[in-house]
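Listed below are the residues making up each chain.
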Amino acid sequence: MVKKNFFKKVTTMVLASVMAIGMLSTNAFATTVPQAALPDPARNGNSSITIHKYLMDDITDAGRPSDGNEVAGDKIPAGAKPLKGVTFNISKLAKDTDPVTSTDYDTNFGTNGTSKGTTDDNGTLPFNNLPFGTYKIQETNSVTGVSPAAPFLVSVPMTNPTGDGWIYDVHVYPKNEKLAIDKFVVEIPNKDHTATVGKDHEWIISSTVPTNMVVENEDKSITASKKYTISDTLDTQLTYVGNVKVCAAGKDNTEIANGTLVLNDDYKLTEPDKSGKGGKLEVALTEAGIKKVAALGAKKVHVHFTTKLNETAKLGVAIPNGAKLEYTNAQDQSTAPVIVPDGMDPTDPNKPYDPTKDERPEVHTGGVKIKKTDDKGTALKGAEFKIYASEKDAKAGTNPISVINSAGNGFTDTVISDDNGLVKFNGLAYGGIKGEDFDTTNQTSYWIVETKAPTGYRLLENPVEVKVSATSHLEDAIAKTIVNNKNIILPRTGGMGTVMFTASGLALILLAVLMSLKARRKVQQ
């Protein structure tokens, strides 16, 4: 009877081993020396499971299932990198036939049926001196930017690839998939843009979709990941406009036809105040949205939205904007939030900022100033000006550009010279397209028109061209000095000139009358 039960147990272990093979992933097979048909009792309590942890951009590239043997280094999938610092629990199932979801453990093993450990520099974690049985391996933590591997079962011993022996030292290769989030401005792959204040510009967030976004259960039902949330905390120099669009995309960021997700059905949206500054935008995929993204075969999710620079925007400096992805898989395992690289080391916050590792897109705005004087160089206050994007608009007086007002608390399309004769146009786009990015080293031309001259001075007859750059707003940078000439003074009605003319006329008339009287007297005599 004992012998019969033993054979029954061995048969069960074999079946469990076959099930476990299908849940592991690698792409190479090693040979195993044929062994006895029955497991060697001497290896009971003297066997092992060694975890080899690798990170891949896409685990669909992992290759064929593992066979339990150690894989030679040159057979590891291309691009796979050892992953240090991942913690695993290994739990011995009370029954070898229990499913991976079971929490009924053999309490004679480890602590309440579980042991734990962490992968080393080579991504390796051995569990030695194991008794025969079926073990559930669970990843209990993950490193930043990594999607946790799903729990899986491993039997010790395992049937060898040729089916005629046993593997007592089992090697498993649970792959982790890299999670990443990126962001662009105006269009993909642009990372830099200059804008005029108050004008809309679009941002595009692109986050990766893990292969285990959904899992198929034994009964063929589908279980979706528990959380897939993209968020963006806006800089206070930005004001949210809206125009949110969420869609599925391929690995190359090409958006999938019919891949646009539906608000409330496929995702929930939390928006910042459109009349405020900064705020948090959040897009949380629903279960239906997660399943739709997976069904479309998407590799990425895109979130489009627009903002505008407000009156607090600093001139000539980068205004960066990042994003964050939070993910919890179908087995309720969460990964640390993933952000667009911001130049800081997530593993060591004490390290200084490294601008070469800052991948956040940024927007810039600039300014320009002119000085208003008379022909003697004296500053003139009170002259009014407008600025235009083209000479044609300037001559026609159409489409004046609104800039930051002198108080810095709003916008205006009319700028007035101050006590020093300075006229400041702040919040203007500059630069041009250069390759894939806006070239912020270039200048942009604008045309200024005087719309009201100081009292006693003539208006400018033609628009004046100025150029805006990253430095044209600086204190010592004056683009143009505009000289106003005094008006020609004409005699005024009722003024001294008129009085003189009138007096002279009256005198002549009086003289004519006197001469006429004198002539008449002579005739009478």
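This one's a predicted model, so the numbers in the text were calculated from it and none came from an experiment. (Residues numbered from 1 in each chain as written. Predicted model: local features only at pLDDT ≥ 70, side-chain atom pairs only at ≥ 80, totals over all residues. Heavy atoms only, no water.)

Colleague: Tell me about the packing of aromatic side chains, residues and numbers included.
Modeller: Applying the stated rule across the entire model yields five aromatic pairs. Taking 5.4 Å as the distance between ring centres and 70° as the angle between the ring planes, the aromatic pair formed by F109 and Y135 counts as edge-to-face. Of this pair, F109 sits in the loop between β4 (87-92) and β5 (114-118) while Y135 sits in strand β7 (residues 133-139), and the two are 26 residues apart along the sequence. Each member of the pair, F109 as well as Y135, carries the same accessibility label: buried. On the basis of an interplanar angle of 25° and a centroid distance of 6.2 Å, the ring pair of F132 and Y168 is categorised as stacked. Taken together, the positions of F132 in the loop between β6 (124-130) and β7 and Y168 in the loop between β11 (166-167) and β12 (169-172) put the pair 36 residues apart, joining distant regions of the chain. You can call F132 buried: its relative accessible area is 12%. Over the aromatic face of W203 sits the side chain of K183, whose NZ or CZ is 4.8 Å from the ring centroid. (Phe/Tyr/Trp six-rings, centres within 6.5 Å; stacked < 30°, edge-to-face > 60°. Helix = DSSP H or I, 4+ residues; strand = E, 2+ residues; numbered from the N terminus. Buried < 20%, exposed > 50% of the residue type's maximum accessible area, 1.4 Å probe, protein only. Lys NZ or Arg CZ within 6 Å of the ring centre and 35° of its normal.)

Colleague: Give a detailed account of the sheet that holds strand β26 (residues 324-328), specifying residues and quantitative values.
Modeller: Read from one edge to the other, the open sheet built from five strands follows the order β22-β23-β19-β26-β27, with strand pairing classed as antiparallel. Of all the strands in the sheet, the pair left with one neighbour each is β22 (267-270) and β27 (338-339). As judged from the two bridges shared by β26 and β27, these two strands associate in the antiparallel manner. When the sheet's bridge partners are listed, L325 is paired in β27 with V338. (Pairing = 2+ DSSP bridges.)

Colleague: Residues and numbers for the environment of V86, please.
Modeller: For V86, the location among the structural elements is in the loop between β3 (81-82) and β4. For the pair V86 and E139, spaced 53 residues apart in the sequence, the C-alpha separation amounts to 7.3 Å.

Colleague: Lay out the side chain of T87 with the relevant residues and their values.
Modeller: On the secondary structure map, T87 appears in strand β4. A distance of 3.2 Å separates polar atoms of two side chains, one belonging to T87 and the other to T118. (Polar contact = N/O pair within 3.5 Å; in protein donor to acceptor, adjacent residues only side chain to side chain.)

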